[in-house]
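Single-letter residue listing:
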Amino acid sequence: MMLTLEQIEALMARMRALGIAELEYRHGDQQIRLVRDDDAAAPHTPPPAATRNGMGDKPAATPEVIAATMYGQFYAAPAPDAAPFVGVGDRVAAGQPLYVLDVMKTLTRIEAEFACIIRETLCANGQAVEPGTPLFAVTRLDEARNG
C-alpha cells in the first residue's frame, strides 16, 4: 500500500498539531520516514487571546478567527441531513461542538476552546481545509461568569 500525497500531508499536519518531530511508518516492505525541524516541532498554539473587557460575559472588543489545525474536509453538521452545530449569533460554551473535520476518512468532532459568539461562518460545508484556514469569526466571551 503506497501512501498518497494527501495522506502524507495529513500525517504532517497531525505531526505539527501534536508537536511530533519525527514519524516512521512501515507497512510490509514499504517504509516512510517524516522528519520536521526542531524549530517547527513545537505544538500548535492558538492565536493570542482577545483582550478581555472585565465586564462580565459581554463580548471582548477584539474579534478572533477560529482556524483549522490540520488538513481535512470541513463539515458544519454531524450528518448531511442534520442542522449545523452552530450558526451566526449563537453563544458557544467552551467544549461545545463547532464542526466535524474529516481527516483520511476519520471524522473528528472539534469543540470550542473558549466561550464565544459566532459572528460569521467563513468556510463552506464540505470545503477542503488546511492548517490556518479561517473557519469562524467569533467574539470571545469573558469566561468568569460563563462557567
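Residues numbered from 1 in each chain as written. Predicted model: local features only at pLDDT ≥ 70, side-chain atom pairs only at ≥ 80, totals over all residues. Heavy atoms only, no water.

With an unreviewed UniProt entry as reference, the chain is termed Biotin carboxyl carrier protein of acetyl-CoA carboxylase, source organism Nguyenibacter vanlangensis. You can read under Function (unreviewed entry) in the UniProt record for the chain the words "This protein is a component of the acetyl coenzyme A carboxylase complex; first, biotin carboxylase catalyzes the carboxylation of the carrier protein and then the transcarboxylase transfers the carboxyl group to form malonyl-CoA." (UniProt positions renumbered as here; feature names shortened; annotations may be inferred.)

S.K.: Would you mind showing me how to read the packing of aromatic side chains here?
M.R.: Centre distance and the angle of the planes are the two values used to describe a pair of aromatic rings. Per the stated rule, a full pass over the model turns up three aromatic pairs. Relative to F136, the ring of F74 has its centre 5.9 Å away and its plane inclined at 65°; by these criteria the two rings are edge-to-face. Here F74 is found in strand β4 (residues 72-75), whereas its partner F136 is found in strand β10 (residues 134-141), with 62 residues between them in sequence. The exposure class assigned to F74 is buried, which follows from its relative accessible area of 0%. Relative to F136, the ring of Y99 lies with its centre 6.1 Å away and its plane at 45°, an arrangement referred to as tilted. In this pair, Y99 sits in strand β6 (residues 97-103) while F136 sits in strand β10, placing the two residues 37 residues apart along the sequence. For the residue pair Y99 and F136, the accessibility class agrees, reading buried in each case. The structure contains a cluster of three or more aromatic residues connected by ring pairs, namely F74, Y99 and F136. (Phe/Tyr/Trp six-rings, centres within 6.5 Å; stacked < 30°, edge-to-face > 60°. Helix = DSSP H or I, 4+ residues; strand = E, 2+ residues; numbered from the N terminus. Buried < 20%, exposed > 50% of the residue type's maximum accessible area, 1.4 Å probe, protein only.)

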